[in-house]
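Notes for the structure review
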Amino acid sequence: MLCGAFLPKPIMSNGPRLQLQFVGQHPPAMTNKVQYYGFRAEYRFLTNFGIMSGIQKGQDCAFVYNSSERISGLFHSPNFPGYYLENMVCHYYFYGASDERVVLHFTYFDVEGIGTCDHQTASDYLEFSNFMSTDRKYSRYCGKLQNFEMRSDGRFFRVTLHSNDRFVAIGFRALYTFETIPMNNSNNDLRETASMQSYVSSAPLKPILFKFFQLFIFVLILTNGI
Ligand SMILES: [Ca+2]
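Residues numbered from 1 in each chain as written. Predicted model: local features only at pLDDT ≥ 70, side-chain atom pairs only at ≥ 80, totals over all residues.

**Quick notes on the overall build of the protein chain**
Scanning the protein chain from terminus to terminus reveals two helices and ten strands. Secondary structure elements of the protein chain occur, N-terminal to C-terminal, as β-β-β-β-β-β-β-β-β-β-α-α. Within the protein chain, the fraction of its 226 residues that count as buried is 20%. Relative to all contacts within the protein chain whose residues are 6 or more apart in sequence, the contacts with residues 24 or more apart total 73%. (Helix = DSSP H or I, 4+ residues; strand = E, 2+ residues; numbered from the N terminus. Buried ≥ 20, exposed ≤ 12 C-beta atoms within 10 Å, placed from the backbone. Contact = placed C-beta atoms within 7 Å.)

Structure below.
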């Protein structure tokens, strides 16, 4: 229920229907001088869950972000900054070039859930993965979190929001950036490998020098003895 003088956050229906009921009561005698003007709202029929960035895959809550199209931008939960929807799975796929990594900077995070965000806690959660399948490297993310950053290991990254059938929150907003890995790194690696090889190949020199030194001492002893 909504009342009072404030602007509510955007409301999104879970399906193709939404019903609103306006109930006007007689104000109490003491406050009859106060004027209430009711409300005015904008409505829109959406198929993109209110997510304007990326390319939507069909009618699903699945969005693709290619570095060839945009090197950085914002993405967020459905209906942000309003409440996200119940019982849904939303995918965000990031595809970079082979020399790029995906960097996500979360500037808002409030996903309804507690603790480890697992099934027992009946939590909604955000899942991160370097693959299309589950990535055991990352635990589930839920609750209220301060700004944080996530990085992909390779050129691909996946973020998925899971919500259950009860309680919702505002969700999240993040900045994505495709970061080019400096090519110097691989050159350095090559150089390091090269110097390592020369070190390895020069290593047997030491015993030879030692042998020479031993021989020199031996000769010295010999000459002194004579
Ligand atoms: Ca929930």
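Next comes the rest of the write-up.
**Notes on the confidence of the model for the protein chain**
For the protein chain, mean pLDDT is 85; residues scoring 70 or higher make up 77% of the total. Below pLDDT 50 for its whole length, residues 192–205 participates in zero contacts with residues either more than four positions away or in separate chains. Long-range and interchain partners of residues 216–220, a stretch whose pLDDT sits below 50, account for zero contacts in this model, where long-range means more than four residues apart. (pLDDT = per-residue confidence, 0-100.)

**Concerning the environment of Glu100**
Assignment of secondary structure puts Glu100 in strand 5 (residues 100–111). Spatially, the C-alpha atom of Glu100 lies 5.8 Å from that of Ile181, the residues being 81 residues apart in sequence. In this structure, Glu100 is in contact with Ser67, Arg155, Phe178, Glu179 and Thr180, ignoring residues within four places of it in sequence.

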